[in-house]
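Here is how the chains run, residue by residue.
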Amino acid sequence: MKRVNKKHYGKAVFQIFLLLSLTFSVSYLIRESSENVVIINYEKKNYDLEARLLGFVGKLIFGEGFVSALEVGDLQDGSNTCLLSKDGKICQEYIASECDSKCSETCIPTGKKNVASCKPGTCYNPVEGACSAGATQGACSANGGEWFDDPYENIQECREGCCLIGGQAKFLTEQQCNRQSQLLNIDKEFRPDVRTEIQCLDLGTIKEEGACVFEKEFERTCKFTDKSNCLKIKGDFYSGKLCSNPELDTICEPQKTTNCVDGKNEVYWFDSCGNRENIYSVPKAGSFKNGEVLSKIDSCTLSSGNNQLANANTCGNCNYLLGSTCGRVSDGEKVAVGDFICKDLSCIDESGVKREHGESWCSYQGTIGVDKQKNRAVDTPGSRHFRETCVNGEIEVNPCADYRNEICVESQIKIPSGEFSSAACRINRAQECLSYNFEGDKDDIDRSDKIKSKCEKNPDCFVKEVDVSDKFNFNICAPKYPSGFTREENGRGEGAEAICAIANQKCQYVKVKGLFSSKEVNKECLQPEFAEEMNDLCMSLGDCGSSVNYNGDYTSNYKITRTDNKDSASISQTYLNALLRYGDPIKGQYAEAGDLSDFYGELGIPGMLGTSEVPTDTTEGVVKMASLTSGMLGVTLMAANFLNIAIPGLTYSTGAVISTMPIAGSAGEISVVAANPGMMAAGGVLAGAAIGLGVVTMLLQFTGVGGGLPPAVTYTLMAAGAIGGALAGAAATASALTATGGTVGPLLGGLASAGPIGWIILVVVVIFIIILKILGIGKAKKVDVQFQCKIWEAPTGGTNCDECGKDGFPCSRYACQSLGQTCSIINENTREVACIDSNPNDVTPPVIKPWNDLITQGHSYNDISENGFKLESEQGCLKPYTQLVFGVSLNEPGRCMLASEDTDKFEDMTEDFGVSQLFRTNHTAIFPVPDLQSLGLQGYDPKLQEDYSLFLRCEDKSGNSNVKEYEINFCIGQADNFEAPIIQSREPNSEFLKFGVSSQKVDIYVNEPSECKWDVSDKEYILMGNDMICENDLEDQTIKGWKCSDKFPISNGAGNYYVRCKDQPWLANQIKSEDDESVYVDNPKANESKRNVNSESYLFSLKESVSELKIDPIVPNGQKLEFGVEPASVEVIVSTSGGMDGTAKCSYLIGGHQIDFVDTWKKTSKQVFQTLYPGNVNLPIVCEDLVGNKAEGEANFDIKLDVKAPSIARIYVESGNLKTVSDEKAQCVYSAEIPESGFSGCKYDFVNGTSMITNSEGRVHSTSFESAKTYYIKCKDEFGWTPGSNRCSAIVKRGTIA
Amino acid sequence: MDNKMRKLVNKKGQMTIFVIIAIVIVAILIILFVFRKNVEKPIDFNEGSNSVPFVEGCARDSAKEALDLMLPQGGFVNPKNYISYNHINITYLCENVGYFEPCVNQHPVFLNEIRDEIYDYSYNDIDECFLSFKDEMESKNKQVEIGEMNLSYELAPNRVKIKIDRNMKITDGDKISNLNNFEVEIMHPVYELANVANEIASQEAKYCYFEYVGYMLTYPQFTIAENTLSDSTKIYSIKDNKSGKELNIATRGCAIPAGI
C-alpha cells in the first residue's frame, strides 16, 4: 500500500514535471539530435544586422529557453555574401547554409559589409549625367558608369542645378543638361546657383516670351515665342507683347478661342493666328492688358474665400498645387466663354469627406495603437495599414507593408480651407521596443528608468504596466502597433512564439493561516484579472494571446495553469466584449509620425546637425508641397543598430520582479530590527532583553507562526520575550555582580528576585508559539499560477476565407491566413487574388507516427503501432539525467497536446506537446529524464523502475483530431548515480571584468541538482569556505543546467576561484523546510554517503581589465571642413584603446538619443553622416566595451559650404599677358570668339573654353593678350562651381585694356 | 542687194538659225541623254517599298516592339532578377533579399542598359529587314550588296534616336543606287520614364522610401502607382500621362521579417 502511495506521489510530481519539461518552458534549440544542442555565445561581436537580430532572438531562445526554426548553423555562421546569384542578383547575403546553392559562384564567408566589391557608392553615368545611389562598383563599371565612394550621391558630378532648355526648367546635373541640349540640338542654360527643385521649376514659368513678327505671303503675321526661337525664324522680337497687340499691326486678332496648353495648367486665350495669349478671364479687356503679356500672379483670381474654384466660369488661372487644372467643360459646369475651365482635382473619400488634391490620409482595418484606458496595444491579427491619396481627382489606396511591418502615420497642417492631411507608410519599430527590455546591466540600479526613458522616446513603443497586485506588478516596453506574425512552416513562427513567450509569467499566490483569519498575498492571481492583465500584455507583444482577427473572429490563445491543479479563472465576458470591438476601425484615428530623430540618426541623417533648406515661398501650394516631400525624411530604413545584444532579463520596474515575487512576512522584517537592539545592548538588562527578543523572533520565524499572526500579536509576543529576557538578564547580572561582591544594594536584590518571572514569561511565550505551531498558525500554502502566452492562431477551418477583400481593402496573404487555419491565398500578386478554403471537405484527423529521424542516440521507438509507441534506451528504461529528444510526425500540419491520464477529446488535453505549438507536420519534444528519487520514490534499488504513459492527440487545421489517444510509453530506471556533478557552463563567459571592480556576481550551471562551494585555493569540497546559492527544484532547470550563484571578491586585478559540487541535495543531512525555504531542518531521508562530490575543482578565472577604456583622437575634431556639395557626407572615426581589449561599442548622443555607430564593436568605430549642413557640429561620443568599461569623448567640427563660383578680384595686363586674380583657388578658361548676333559671348561650356595658365597657388590665371579681342572668362573652383553656361566670371572687352 | 535677194538671204539666215537651234536642241538632248546614261539614277522600284522608308519603318517597328516588351518588365526584354506581378515579370532595380538593410542598386546605369537592351533586341530584326529587302529585290532580278551594320541608339527626351550606318548598293541593270546612314527617330518617353525609375531606385537605396505622391505633384506629367506586396517588394508603375506608356519596376529593401 505504501508502495502504491509512493507511486501516486511520483505520478503527481511527474505530471508537474511534464508540464514544466515537455512544453515550452525548457524547450530549446535542437538540430538533428540532442547531441547537437548548441549554446551560442551571443557576446561574439558579430554585429551585422541579421546577426544582431538573431542575437536578439537568441536571447529569447536561449536566454528563456525557446526554439527557433532557424538552423543552428545559421545562427552561428550568420550570412555569407554572394556577388552574383543564379537569378542575377548583385551583392546579396544569404544564410550560410543556403548561400552556395543560390550563388552562381562561391560565396564569401562574411557579411557584405566586409566585401569591398559590395560597398555601396554612387554611380555616375558620364554620358547621360545621371547618378544612382547605393550602387556597387562592379555593377557601375560594367555598364560604363564611374563609381564614387559615397553612397548618398553627395559628389560634385551629381550636384543638380537648373537647366533651362526648350522653354522648360529642369532640375538636372550639368551633364544631364548638356546631354539633353546635345540630343535635342537646342540651346540650354545651366544655372548652378539655383539649388532647389522648386526654385528651378518656378524659373520655367518666368521665361522671357513675346511676339515674333515676320512676313509671310505678303502678310505681317506673328508667332508668340521666346527670343532665341524668334531669331531662328528671322522675325522681329517684341518682348512681353502679344501677337495681337495693336501696336504690332499683325493680322492676328485677339482672344478668339480658349484652350489648354501642353505642360501648363491654366486656361489660355488664343488669337486668330493660333498663338497663346494671356490666361483666360472675362471681361476680356482685363486679361488682354492692351496686348501686353500678363503674368500668372497678375492674372485673375480663381478662388474666393475658401472656395478655390469660386470664379472658375470667368477665370482660367488654375493652380495645380491648389487643386485645379485646365480641362474641357463637362456636364454641370459653366464657363462664360469657350469650352475649357479650371477642373476641380479634389476627391470625396469613403466617409464623404472632401480631400484636397495631393492630400493623403491613413485608413485601417480595425482599431489601432494603444487603448489608453486599458493600457494595451490593440492592432488586430490580419490587419494592415493603408495610405490613401487624392491625386488628380482620384483616390488611390496603397497598402503599407504587410504584417504591420509598416504603419501609416498622418499629420495635419492648417490651411485656409481647413486641414490638409499628409500620410506616409513608415517602418514600424515594434521590435525595437521589445529589444529595449533586454538592454543594460542587470546590476544597474537605474536600468529600469533608462529602459523606460528609451521606451517613451520611441514613438512606436509604450510602457505596458502590468499591475495585478501589490506584489505582482512590473513594466515592459511593448510596441504600440504590434507586428503581425507568420505561422507558416519553415517560416519564422517559432521566433514569433518566443516573442509571445515574453508574457509567460508566474505569479505565486500565498495563503498563510492566521490566528483569527488567513493572510493572502497575490490572491488576485487566482482571479480573472490576472488572466486579463496578462492577456493585455500578451496581445501587446504581437499576434499573441486571445484576440480577434481583423474580421472580428475571436480565438483564445493563452493558458493558465496552477500548481494546485485547480481550474484557473479565465478572462471575463466583459473583457471579451471589449476585444471584439477592436475589429472595427475608429473614425479619425491615426498614428502619429512622432519624433524619429534617433531613427534618422541610425541612417546618418541626424536632424540636429543642421537644417535643410526650406522653400522660402510661403504660398499655400508650396507649403503643401513641402509637407509632402518632407515625407521622404519622415520615413526611412530600419535602424542599422536595430537590435542590440543585451543581458537577458525582462524586469525594469522599480524593484519588482516579473516572476515569483518575494513575499515579505512581518517576522522576517522585524528580525532584522530585532538583531540590532541585540547588537547594541550593553549591560545585562539590555542583553537579556535582546536575547529574549531574539529567541522569540527566531521561533516565530523558524516555526513560520509569525507569518500567520496579526502584527499586534507578533509585537506583543516579541515584547513579552524582550521583557522576559530583560528580567532574566537583570537577574543574572545581579547574581554575577553579587557574586563578585559589588555594591548593588537593594536594587540588585530586586532584580535578582525578578529573574524567575522573566524565565516564566519566556517559557509561556515559547509554549504559546509551539501551541500556535501545532494549530497550524503561520502555515503557508503556495500556489504558482503560470500564464502562458501563445501565438495567436486563426480559427480552425475556413468558413470565413471569402471575407478577405470584402472590406474594401485588398486581400493579402496575412489577412487571408488570419481568417481561418485552412484559408489559403491563390493568385497572389495578381488581380485575380482570392482567399479560399484549401481543405473544405477535410473530416480526417492527422495520422500520428513516431518521427524516426529524430531520437537521441542510444534510444529507439519500439512497439510501434497505429495507437502509439514505446520509448526505450539501450538498457530498456530511460536513464535519469539524460536529455531525450524525440518527436512525432503527422501526415498533415497539426498541433498536438498530451495528457498523463485518459481524456475524451482534444479540448480536454492539458499540456502542449513539443517545442512549438504551431501547426506543423513534425513535432519535437525534449524530455530531460528525471531521477525517480527526485520524483519522490526513495531508496536505491537497481531493479526499481517505473512505467509511465503519455496520451497524445493532434488536431489538424480543420479542427479534426484523433478520437483514440496515441500512447507514448516509457519507463524510468533507478538512478545508478555514481557520477560526480559536472559544471557545464559559467557566467560571465568572459574572464575579463570591468576595470576597478571589487567583486563579481557569478553563476555556474551544473548538470544535475547539486550543492556547490568555492574557495580561492584548491581544496576538498568539505573544506571549501563559501557556499553558493543553488536553485535545485525541478522547475529551476534551465537549458544550461541547474544554476548556482555567488559573488566573488576581486583583488589585485585577477583571481582564480575553485568550485566543487555535491549532487543529490535531497539526501543531505539538512534540507530546506517546506514551510519556509530559508530554514533548514533535519532530513529524515539523509544519506550523505550516497552523494557524489567533485574530486577536482572547476577553475573559475576572472581578470580585471588592464586599464580604463580610452578614446583616442576622434576624426574629425576641431577642424573646419569645406564642401562644395550640400548636404555633405562626413565620416566620423573613433579609435579606442585600453579596457578589455580595446574594442568597444561607440555611440553618439543627439537630441537626447544615444545612437550606436553603424560600424562598431571594433577598435575603430565609424559612422557616416550623410546630411550635414553648414554650421558647427558637436557630437558627444560614448564608447563601452563588452565588460562595461566606458569612455567619453566629443567630435566637434565646422562644416563650411562653398556654393559660389569663384569671383575675379583683379584683372590686368602684364608683359603682354592678360592676368586675372580669383578670390579662391580656381581654374580659368576664356573664349574670344565673336558671338552670334543676339547672343552673349559667355554662352559656352567651361570644357570648351581655352585654358588659362594658373599659378601654383591657383589664384592667378594668365594668357597671352590681344587688345583687339574680347575675352569671355569663366573660372571654376575646386568644388566644380562655375558661373554657368551663359554667364562669365569676367569679360575683358576689346580696347578696354591697353 | 535687191529686196528679193535680201528676203532670200534673210530667209536663209532664219533657216540657219533654226537649224542651229535645232542642232543645239538635239545636241542638248543627246548630251542630256548621254549624260543621263552615265549617271546612277535612283531606282524606282515601283513597289511602294523604297529602301529608306522600308528600313526606317522596320527599325521603328522593332524598337517600338522592344520598348513595348521592355517597359512593363522593368526595362528588360528577358528579365532575370524579377518578381511576377499580374503575370508580368518585373525587374528589381534595387534589391536586398535580406532584412533591415537598404536595397542594393542592381542597375545603376539604367539608361545605358535600356539602350543596350533595345539594341540587342532589334539588331537582328533590323538585319533581317535588310536581308528580306535584299531577298525581295533579288527576286525581282535586282542585285543588292549589303555591308556591315553599325547600329546605335540614343535615348533622348521624348524620343529614341536610331542610327543605322550600313552601306547598301542596289543594282538594277544599269541602274545603281547607294544608300547608307539611315536615321530614325521615334517619339517615346522611355528616357523620362527611365530617369524616374532611376530616381526611385536611388531614393529607395538611400531612404528605403520614395515619396511618389510628392513626385507626381512636382511632375504632373507622370502618374506613379505603388503597391507593396506581402514580401515587402514594392512595385512602382510609372506612367507618362501624355503617351500612356508605363514602366514597371520592383524594389525591395529594409524589409522586416514577419515574426523573427
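Predicted model only: the values in this text are computed from it and were never measured. (Residues numbered from 1 in each chain as written. Chains lettered and ligands numbered in written order. Predicted model: local features only at pLDDT ≥ 70, side-chain atom pairs only at ≥ 80, totals over all residues. Heavy atoms only, no water.)

## A look at the overall build of chain A
Per the secondary structure count, chain A includes 22 helices and 71 strands. Out of the 1298 residues belonging to chain A, those deemed buried represent 54%. For chain A, the share of sequence-separated contacts (at least 6 apart) that also reach a separation of at least 24 residues comes to 66%. Element-wise, carbon and sulfur atoms account for 50% of the exposed surface of chain A, whose accessible area totals about 56100 Å². (Helix = DSSP H or I, 4+ residues; strand = E, 2+ residues; numbered from the N terminus. Buried < 20%, exposed > 50% of the residue type's maximum accessible area, 1.4 Å probe, protein only. Contact = heavy atoms within 4.5 Å. Areas by Shrake-Rupley, 256 points an atom, 1.4 Å probe, with all protein chains shown as cover.)

## So, the nonpolar core
Formed by 65 residues in total, the largest nonpolar core has its most connected members in Ile118, Ile162, Ile164, Ile224 and Ile238 of chain B. A per-element tally of this core places helix α4 (residues 190–207) of chain B first, with nine residues. In terms of nonpolar packing, the next biggest core, distinct from the first, is built from 40 residues, Ile499, Ile502, Leu541 and Phe787 of chain A among them. (Core = buried A, V, L, I, M, F, W, Y, C linked by side-chain atoms within 4.5 Å.)

## Observations concerning the state of the cysteines
Residue and element names in this part refer to chain A. Throughout the structure, instances matching the rule amount to 34 disulfides over all chains. The disulfide partner of Cys362 is Cys408, and the gap between their sulfur atoms is 2.0 Å. The sign of the -80° torsion about the S-S bond sets the Cys362-Cys408 disulfide as left-handed. Taken as a pair, Cys362 in strand β19 (residues 360–364) and Cys408 in strand β24 (residues 406–415) lie far apart in primary sequence, 46 residues in all. Judged by relative accessible area, which is 9%, Cys362 ranks as buried. (Disulfide = S-S within 2.5 Å.)

## Observations regarding the domain arrangement of chain B
Assigned domains of chain B: these are domain 1 (1–39) and domain 2 (53–252). For domain 1 of chain B and domain 2 of chain B, the distance between their C-alpha centres works out to 66 Å. (Domains from an automatic or database assignment.)

## A few points about the confidence of the model for chain B
Residue and element names in this part refer to chain B. The pLDDT averaged across chain B works out to 86; a share of 87% of its residues lies at or above 70. Scored below 50 in pLDDT, residues 37–49 shows 20 contacts in the model against residues more than four places distant or in partner chains. Overall fold confidence for the complex sits at a pTM of 0.76, while the interface term, ipTM, reaches 0.84. (pLDDT = per-residue confidence, 0-100.)

## Re the interface of chain B and chain A
Facing 62 residues of chain B, the contacting portion of chain A comprises 91 residues. Between chain B and chain A, a total of about 6600 Å² is buried, with carbon and sulfur atoms accounting for 55% of that surface. The shortest N-O distance in the salt bridge between Arg179 of chain A and Glu154 of chain B comes to 3.7 Å. Between the two partners, chain B and chain A, sit 30 residue pairs in polar contact (both at pLDDT 80 or more). Of the residues assigned to the side of chain B that touches chain A, the class counts are 32 nonpolar, 18 polar and twelve charged. (Buried area = accessible area lost by both parts, 1.4 Å probe. Salt bridge = Lys/Arg side-chain N within 4 Å of Asp/Glu carboxyl O. Polar contact = N/O pair within 3.5 Å; in protein donor to acceptor, adjacent residues only side chain to side chain. Nonpolar A, V, L, I, M, F, W, Y, C, P; charged D, E, K, R; others polar.)

## A few points about α4 of chain B
Residues and elements named next belong to chain B. Taking 1.5 Å of rise per residue, 18 residues should cover 26 Å, and α4 covers 25 Å from first to last C-alpha, within 8% of that figure. Burial runs high along α4: 17 of the 18 residues are buried. Following α4 by one or two positions, Cys208 has its phi on the positive side, about 60°. (Expected span 1.5 Å × (residues − 1).)

## With respect to a nonpolar patch on the surface
Together, Met15, Ile17, Phe18, Ile21, Ile25 and Leu29 of chain B line one region of the surface with nonpolar side chains, adding up to about 600 Å² of accessible area. Examined against the element boundaries, Leu29 of chain B turns out to sit in helix α1 (residues 3–38). (Patch = residues over 30% accessible without salt bridge, like charges linked within 9 Å, V, L, I, M, F, W, Y side chains within 5 Å.)

## Focus on a negative patch on the surface
There is a patch of like negative charges on the surface, built from Glu456, Glu465, Asp467 and Asp470 of chain A. Among the structural elements, Glu456 of chain A can be located in helix α11 (residues 447–457). (Lys, Arg positive; Asp, Glu negative; His and termini not counted. Charge placed at Lys NZ, Arg CZ, Asp CG, Glu CD.)

## Comments concerning α11 of chain A
All names here are of chain A. When α11 is considered as a whole, its buried residues turn out to be Arg447, Ser448, Ile451 and Cys455. Taken end-on, α11 shows its buried residues confined to a sector of 95°, consistent with a single buried face. Each element contacted by the buried residues of α11 is listed here: α10 (430–436), β26 (461–469) and β27 (472–479). (Arc of directions from axis to C-beta.)

## Quick word on the environment of Asn307 of chain A
Residues and elements named next belong to chain A. Tracing the backbone shows Asn307 in the loop between α9 (284–288) and β15 (324–328). A residue is classified by how much of its surface remains accessible, and Asn307, at 43% relative accessible area, is partly exposed. Expressed as a C-alpha distance, the spacing of Asn307 and Ser417, which sit 110 residues apart in the sequence, is 7.6 Å. Polar side-chain contacts of Asn307 include one of 2.9 Å to the backbone nitrogen of Leu309. Within the structure, the side chain of Asn307 is placed 3.4 Å from the backbone nitrogen of Ala310, a separation counted as a polar contact.

## A word on the pattern of salt bridges
Scanning the entire structure with this criterion turns up 58 salt bridges over all chains. Linking Glu95 of chain B and Lys89 of chain A is a salt bridge whose minimum nitrogen-to-oxygen distance equals 2.9 Å. Taken together, the residues span two chains, with Glu95 of chain B in strand β2 (residues 88–95) and Lys89 of chain A in the loop between β1 (79–84) and β2 (90–95). With respect to burial, Glu95 of chain B and Lys89 of chain A carry one shared label: buried. Where Arg276 of chain A meets Glu209 of chain A, a salt bridge forms, and the shortest distance between an N and an O atom there is 3.1 Å. Residue Arg276 of chain A is found in strand β14 (residues 276–279), and its partner Glu209 of chain A is found in the loop between α7 (197–203) and β9 (210–216); the two are separated by 67 residues along the sequence. Like Glu209 of chain A, Arg276 of chain A is buried.

## Here we look at the packing of aromatic side chains
All names here are of chain A. Taken as a whole and assessed by the stated rule, the structure comprises 29 aromatic pairs over all chains. Residues Phe386 and Phe809 carry aromatic rings whose centres are separated by 4.3 Å and whose planes lie at 20° to one another, so their mutual orientation is stacked. Of this pair, Phe386 sits in strand β22 (residues 385–391) while Phe809 sits in the loop between β34 (780–789) and α22 (813–819), placing them 423 residues apart in sequence. Judged by its relative accessible area of 13%, Phe809 is buried. (Phe/Tyr/Trp six-rings, centres within 6.5 Å; stacked < 30°, edge-to-face > 60°.)

## What about the sheet that holds strand β9 (residues 182–187) of chain B?
All names here are of chain B. What the three strands build is an open sheet, ordered β5-β6-β9; its pairing is antiparallel. Either end of the sheet is taken by a strand with one partner, and the two such strands are β5 (150–156) and β9. Within the sheet, the average angular offset between the axes of one strand and its neighbour, ignoring direction, is 15°. Note that strand β6 (residues 159–165) and β9 share six bridges and pair antiparallel. (Pairing = 2+ DSSP bridges. Axes fitted to C-alpha atoms, helices over the stretch in contact; angles between N-to-C directions.)

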